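Summary of the model geometry
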Amino acid sequence: MKTSNKFTLARIVAAPILFILYFLPKWLGLADGSQAALILSAVLIPLLAAAEITDYFDGHFARAHGEVSDFGKMFDPFADVFLHLSMFTCFVFTGFMHPALYVLILYREFSQNFLRMVAAKSGTAIAAKKGGKIKTVFYVASCFVALIQNFLLRSGLAAAWATNMAAFNVAGNVVFALCVALSYISFADYLKSFGGVLKDAAE
């Protein structure tokens, strides 16, 4: 496997690990404020950061080593979505993300995936566009906001900062709402550029 694709694969491997670690305090019945709950919730932040950094390295190595390929153009956004939807699933089940926002993002990502599949069958690999990259940046930011919320809850600090947490929760949902808006704006851009592929395939 090419070096660039190995970095991409790392995000896919990281997704279930982060998912398990996120819910482990609940599954083990650890009380909020306990040392174990604090450690498990704190370690999620650097682990996610490490996973997100691979998104830079896969592109860097692909360009530096001449490894840019149609497979990589599809594998990279797939790994991003795989990781971020895994994290969003964590957040919606723990109340940090509104279910309606989650479902809207699911609709967008499945639609985008369908567009990529149809385009690939027609011999066209859809690489990430600028709008899609901006959307991904907000996906990443929203994940860290929710992980900080989770840390404050698991550490027991949320109880002491009740007023601040209320504002933090509002801010978190605003970021997720921006994710939804940007995801649909970018999808509209993809449809504008590649909608013809869908039209030709449907005829």
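Residues numbered from 1 in each chain as written. Predicted model: local features only at pLDDT ≥ 70, side-chain atom pairs only at ≥ 80, totals over all residues. Heavy atoms only, no water.

Quick notes on the state of the cysteines
Scanning the model with the defined rule gives zero disulfides in all. Cysteine Cys179 remains unbridged, with the sulfur of Cys143 as its closest cysteine sulfur at 7.7 Å. (Disulfide = S-S within 2.5 Å.)

A short note on the nonpolar core
Ranked by internal contacts, the top residues of the largest apolar core, which has 31 residues, are Tyr22, Met87, Phe88, Phe91, Met97 and Ile105. Breaking this core down by element, the ones donating at least two residues are α1 (3–27), α2 (35–64), α3 (70–93), α4 (99–121), α5 (130–155) and α7 (162–202). When residues in this core are grouped by element, the largest group, eight residues, is from α3. Counting eight residues, the second-largest nonpolar core is a separate cluster that includes Leu115, Ala119, Ile126 and Phe194. (Core = buried A, V, L, I, M, F, W, Y, C linked by side-chain atoms within 4.5 Å. Buried < 20%, exposed > 50% of the residue type's maximum accessible area, 1.4 Å probe, protein only. Helix = DSSP H or I, 4+ residues; strand = E, 2+ residues; numbered from the N terminus.)

With respect to α4
Look at α4: 33 Å from first C-alpha to last across 23 residues, which is about the 33 Å you get at 1.5 Å a residue. Of the residues making up α4, those classed as buried are Leu101, Tyr102, Ile105, Leu106, Arg108, Glu109, Gln112, Leu115, Arg116, Val118 and Ala119. A positive backbone phi angle near 90° is found at Gly123, which sits one or two residues after α4. (Expected span 1.5 Å × (residues − 1).)

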